[in-house]
Amino acid sequence: MTGNVLGLGIGIAAFGVAIGLGLIGYSAMQGMARQPEAIGKLQTAMLIALAFVELVFLLVVFIVPGSVR
Amino acid sequence: MKAVFETAPLLLAAAGKEGEKGHHGPSFVGLFVYVALVLAVLFALMAYAKPGMSQRVFSGRKLLGLPILGSFEQIYLFIEQMCVGTIGSHGRKYIPMIMTFWMVIFVGNLVALFFPTSPTADLSFNLGIALISIGYVQWEGMRANGVFGHLKHFAGPKLPGALILISAIIFVIELISELMKNVSLSLRLFGNIDGGHQAAVAMNELGKHIIDLGGFELSIPFGAFLLPIKLLTCVVQAMIFSLLTCVYLSLVTHHDDHGDDHGHAPAPAH
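Conventions we followed
- Residues numbered from 1 in each chain as written.
- Chains lettered and ligands numbered in written order.
- Predicted model: local features only at pLDDT ≥ 70, side-chain atom pairs only at ≥ 80, totals over all residues.
- Heavy atoms only, no water.
- Salt bridge = Lys/Arg side-chain N within 4 Å of Asp/Glu carboxyl O.
- Helix = DSSP H or I, 4+ residues; strand = E, 2+ residues; numbered from the N terminus.
- Buried < 20%, exposed > 50% of the residue type's maximum accessible area, 1.4 Å probe, protein only.
- Contact = heavy atoms within 4.5 Å.
- Buried area = accessible area lost by both parts, 1.4 Å probe.
- Polar contact = N/O pair within 3.5 Å; in protein donor to acceptor, adjacent residues only side chain to side chain.
- Nonpolar A, V, L, I, M, F, W, Y, C, P; charged D, E, K, R; others polar.
- Axes fitted to C-alpha atoms, helices over the stretch in contact; angles between N-to-C directions.
- Parallel < 35°, antiparallel > 145°, perpendicular 65-115°, else oblique.

## Quick word on the pattern of salt bridges
All names here are of chain B.
Part 1 of the argument: Per the counting criterion, the structure on display carries four salt bridges over all chains.
Part 2 of the argument: Note that Glu80 is salt-bridged to Arg92, the shortest N-O span being 3.0 Å. In this pair, Glu80 sits in helix H5 (residues 68–87) while Arg92 sits in the loop between H5 and helix H6 (95–114), placing the two residues twelve residues apart along the sequence.
Part 3 of the argument: On the basis of relative accessibility, which here comes to 16%, the residue Glu80 falls in the buried class.
Part 4 of the argument: By relative accessible area, Arg92 is classed as partly exposed at 45%.
Part 5 of the argument: Lys208 is the salt-bridge partner of Glu205, the closest N and O atoms lying 3.8 Å from each other.

Printed below as a string of structure tokens:
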């Protein structure tokens with residue numbers, strides 16, 4: 001597999017993951033604006049969700065180049 | 001299921017055997033130099049704080065311009081709030097372990113800002129920390145529920161009759177997910193810290209020999225502009241690792257608490 005196709009695939013993965021991260025940030029910010037006293041709890045939950053979505057991209061980046069050849 | 005076996009090329013890549021686009025991490029000995037650096041920073045802080053602790057630490061003296069009392073107190077309160085908020089009222093006894101994880105990972109991440117590589121930018125170190133973390137979670141689960149109770153916890157809810165077959169399937173799936181927790185914890189930390197390095201290297205490449213002063217070529221290290229966001233990543237990744245350890249601990253040690261003091265359990269969860 002050539003590097004260009006691999007780069008395109010990783011770009012597509014980044015596209016989806018960026019949308020996911022944006023949705024998480026969007027809804028967390030909306031929640032924080034509506035309920036400023038819950039900021040601590042919302043931040044914790046938001047960070048956990050961010051970590052899980054981010055992991056998908058990291059899996060793609062580190063596993064796909066190793067398995068496609 | 002396939003993903004379990006696909007980690008082999010990943011480990012090969014981390015060992016630098018992948019070939020042309022291999023991993024630029026340190027060798028085995030080089031990694032230990034960086035680990036020693038992290039431990040030296042941590043032990044130096046402790047050695048500074050230990051003799052005459054009440055005068056040095058609690059009188060608000062400054063170390064490197066920071067009020068040492070304030071900073072350590074803030075770190076402790078932050079970790080305590082994380083543990084008690086996530087695990088519940090019995091979460092206070094896990095603070096030492098979580099604090100250790102946080103400090104080792106945070107200092108390891110800070111090393112990444114000043115040096116070409118760092119322990120946490122190497123998959124082997126991260127996998128070691130993740131194995132310790134998940135092993136500790138199992139140990140605490142067994143201490144809280146007993147060995148059999150902990151294993152039963154993997155089988156999910158109690159199902160009647162022939163549905164015990166489903167319990168067996170859930171047990172296998174839970175075991176696999178428990179193993180994958182190691183991979184996810186280590187890979188997340190490694191990807192974030194090493195990804196920051198790769199991004200800085202790529203941006204340095206942009207500014208290479210960009211100014212020509214008549215035979216003398218000047219480079220601009222554009223990667224240095226990434227330092228603020230790398231600092232943010234350092235803090236957030238150390239926090240996420242310890243937070244996820246807290247979450248796993250709370251999942252595993254939840255059951256015995258549920259029966260005993262069901263009444264006032266929601267109150268400390270705030």
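Next comes the rest of the write-up.
## What to know about the interface of chain A and chain B
Part 1 of the argument: Between chain A and chain B, the residue contacts involve 16 residues of the former and 19 residues of the latter.
Part 2 of the argument: Taken together, both faces of the contact between chain A and chain B bury some 1600 Å²; the carbon and sulfur share is 76%.
Part 3 of the argument: It is Leu47, Phe62 and Ile63 of chain A that lose the most area in chain A upon contact with chain B, and together they represent 32% of the buried surface on that side.
Part 4 of the argument: Our enumeration of links across chain A and chain B arrives at zero salt bridges.
Part 5 of the argument: Summed over the shared surface of chain A and chain B, the number is two residue pairs in polar contact (both at pLDDT 80 or more).
Part 6 of the argument: Of the residues assigned to the side of chain A that touches chain B, the class counts are ten nonpolar, three polar and three charged.

## A short note on the packing of H6 of chain B against helix H7 (residues 123–154) of chain B
All names here are of chain B.
Part 1 of the argument: Where H6 contacts H7, the two axes come as close as 12 Å, and the packing angle between them is 170°. The angle between H6 and H7 places the two elements in the roughly antiparallel class. Contact residues: Met97, Phe101, Val104 and Ile105 in H6; Phe125, Ile129, Ile132, Ser133 and Tyr136 in H7.
Part 2 of the argument: Residues belonging to the contact of H6 with H7 are distributed by class as follows: eight nonpolar, one polar and no charged.

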